[in-house]
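Each chain, letter by letter, is given below.
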Amino acid sequence: MRSHELTVGRTFGVTFDHGEDFFEALSTFCRDNGVRQGYIPSFIGAFAEAEIVGACEKLADPDAPVWAKTYVTNVEAFGAGTLAHDPATGGILPHIHVSAGLKAQSADGRTSHLLSAKVQFLSELLIVEVTSPTMTRPRNPDLYDVPLLTFG
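Residues numbered from 1 in each chain as written. Predicted model: local features only at pLDDT ≥ 70, side-chain atom pairs only at ≥ 80, totals over all residues. Heavy atoms only, no water.

Within an unreviewed UniProt entry, the label attached to the protein reads DUF296 domain-containing protein, and the organism entered is Streptomyces chromofuscus.

Pulling in residues and values, what's your account of the pattern of salt bridges?
Under the defined criterion, the tally for this structure stands at 4 salt bridges. Of the charged contacts, one joins E51 and K69 as a salt bridge, the two residues approaching to 3.5 Å between their closest N and O atoms. Placement of E51 in strand β2 (residues 38-53) and of K69 in strand β3 (residues 69-85) is noted, with a sequence separation of 18 residues between them. Close ionic contact of D108 with R110 constitutes a salt bridge, the shortest N to O distance being 3.0 Å. Residue D108 is classed as partly exposed on the basis of its relative accessible area, which comes to 38%. (Salt bridge = Lys/Arg side-chain N within 4 Å of Asp/Glu carboxyl O. Helix = DSSP H or I, 4+ residues; strand = E, 2+ residues; numbered from the N terminus. Buried < 20%, exposed > 50% of the residue type's maximum accessible area, 1.4 Å probe, protein only.)

Which residues make up helix α1 (residues 22-33), and what values go with them?
With 12 residues, α1 extends 17 Å from end C-alpha to end C-alpha; this agrees with the ideal 16 Å at 1.5 Å per step. All of the buried residues in α1 are F22, F23, A25, L26, F29 and C30. The buried residues of α1 occupy an angular sector of 160° when projected down its axis, which confines them to one face. Exposed and facing more than 90 degrees away from the buried side of α1 are E24, R31 and D32. Looking at the buried side of α1, the elements it contacts are β1 (7-17), β2, β3, β4 (92-102) and β5 (108-132). Two or three places before F23, at the start of α1, stands the capping residue D21, its side-chain oxygen 3.1 Å from that residue's backbone nitrogen. (Expected span 1.5 Å × (residues − 1). Arc of directions from axis to C-beta. Contact = heavy atoms within 4.5 Å. Polar contact = N/O pair within 3.5 Å; in protein donor to acceptor, adjacent residues only side chain to side chain.)

So what's going on with the environment of T15? Residues and values would help.
With respect to the helices, strands and loops of the structure, T15 is situated in strand β1. On the basis of relative accessibility, which here comes to 53%, the residue T15 falls in the exposed class. Distance from T15 to F43, taken between C-alpha atoms, is 9.5 Å for residues 28 residues apart in sequence. For T15, the residues in contact, after removing those within four places along its chain, are S123 and E124.

Have a look at this one:
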């Protein structure tokens, strides 16, 4: 286990507009407002299309992370995540999870790691800036090269 007390800065209410790329809008917001790291305690919205982590086939190694993606359309989404600082680019490394209900399929649900999304109508987010410690996401070569959140 790793933990660290977080010093929080500003809190923002943010909306993304119809047709925007979710991750591009998130990166633009962070760059424009000088947010290098933080967390999203929750967000709601709809996606015209999205890619989330998931596989339909039998996994060769059930203990390994799943890198495959599944494509969904016309979903209502609820999510949360963290924003780590990327020292190589100066940008952010988001880690977002969503629960998405497929509107045309009786709101049948999917829950997983969000890889990409196009906003449908709107997305409403709360974003809390973390001013310290520095939050980064280095890859762990001993654990399938998974990027893990670290503090300091």
